[in-house]
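Structural description and commentary
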Amino acid sequence: MTDHPDRNAWDTALTEAVAAHRPDLVVSAGFMKILGPRFLDRFTVVNTHPALLPAFPGAHAVRDALAYGVKVTGCTVHFVDAGVDTGPIIAQEAVPVRWHDDEESLHERIKEVERRLFIDVVGRLVRDGWTVRDDRHVSLKCKVCRTDETEEA
Ligand SMILES: Nc1nc2c(c(=O)[nH]1)N[C@@H](CN(C=O)c1ccc(C(=O)N[C@@H](CCC(=O)O)C(=O)O)cc1)CN2
Ligand SMILES: NCC(=O)N[C@@H]1O[C@H](COP(=O)([O-])[O-])[C@@H](O)[C@H]1O
């Protein structure tokens, strides 16, 4: 971002650079910048966040969860919208907080879950598709039974 005069110019440059690859889906993990409106208008973006949203949004989720004293945290895979970690939630998984945890140990345990969950969810999104109800509620399609997962619930 320091190579551009402002966020708008960065947003435009990033959009054009990624568009050259013609992605069907953009995924972000550890991308620590807020994506701009031009980028989000052009691409569907999926992000992994190291907390159980809506709890602990932002750039320091693991630190904030520890400071709050939660006993359970986790990770969230979500679509990215113009807000900060406010996009529709696709999947979540809980991770227990241990009494001896510090930010590094807890974050590493969360990452172990993310590495599996993120890959699984992105794979299912691109293979089987998804639906979003009321602009908020995401259902992954079940290829075998050809229904939305939530219809089975
Ligand atoms: N428009 C969006 N862009 C991004 C989102 C999002 O939800 N909406 N998620 C992030 C990833 N992320 C959390 O998962 C996240 C990353 C960074 C920040 C943040 O506050 N960044 C600051 C700079 C912080 C720093 O450099 O330490 C900033 O951009 O001003 C919040 C959430 C991916 N992009
Ligand atoms: N708010 C965004 C955020 O905190 N993202 C987090 O950065 C880590 C990247 O791990 P890595 O550096 O080992 O790839 C991941 O835990 C991801 O959820």
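If you look the protein up in an unreviewed UniProt entry, it shows as Phosphoribosylglycinamide formyltransferase from Actinocorallia libanotica. Listed under Catalytic activity (unreviewed entry) in UniProt, the entry text for the protein is "N(1)-(5-phospho-beta-D-ribosyl)glycinamide + (6R)-10-formyltetrahydrofolate = N(2)-formyl-N(1)-(5-phospho-beta-D-ribosyl)glycinamide + (6S)-5,6,7,8-tetrahydrofolate + H(+)". Note on the protein: under the UniProt heading Pathway (unreviewed entry), the record states "Purine metabolism; IMP biosynthesis via de novo pathway; N(2)-formyl-N(1)-(5-phospho-D-ribosyl)glycinamide from N(1)-(5-phospho-D-ribosyl)glycinamide (10-formyl THF route): step 1/1."

Around ligand 1 there are 18 residues in total, and R7, K33, N47, G83 and D85 lie nearest to it. A distance of 2.8 Å separates an oxygen atom of ligand 1 from a polar side-chain atom of N47. Separating a nitrogen atom of ligand 1 from a backbone N or O atom of D81 is a distance of 3.0 Å. Out of a free accessible area of 710 Å², ligand 1 has 80% covered by protein chains. Structurally, ligand 1 is housed in the largest pocket. Looking at the shell around ligand 1 residue by residue, the class counts come to nine nonpolar, five polar and four charged.

Another point: the environment of V126. Turning to its location among the elements, V126 is positioned in helix 4 (residues 103-128). According to the relative accessible area criterion, V126 is exposed, its value standing at 53%. Considered as a pair, V126 and D24 are 102 residues apart in the sequence and their alpha carbons are 8.3 Å apart.

Definitions and cut-offs
- Residues numbered from 1 in each chain as written.
- Chains lettered and ligands numbered in written order.
- Predicted model: local features only at pLDDT ≥ 70, side-chain atom pairs only at ≥ 80, totals over all residues.
- Heavy atoms only, no water.
- UniProt positions renumbered as here; feature names shortened; annotations may be inferred.
- Near = heavy atom within 4 Å.
- Polar contact = N/O pair within 3.5 Å; in protein donor to acceptor, adjacent residues only side chain to side chain.
- Areas by Shrake-Rupley, 256 points an atom, 1.4 Å probe, with all protein chains shown as cover.
- 1 Å grid on protein atoms, 1.4 Å probe; cavity = no way out; pocket = protein on both sides within 12 Å on 5 of 7 lines; lining within 4 Å.
- Sits in = over half its atoms within 2 Å of the grid points.
- Nonpolar A, V, L, I, M, F, W, Y, C, P; charged D, E, K, R; others polar.
- Helix = DSSP H or I, 4+ residues; strand = E, 2+ residues; numbered from the N terminus.
- Buried < 20%, exposed > 50% of the residue type's maximum accessible area, 1.4 Å probe, protein only.

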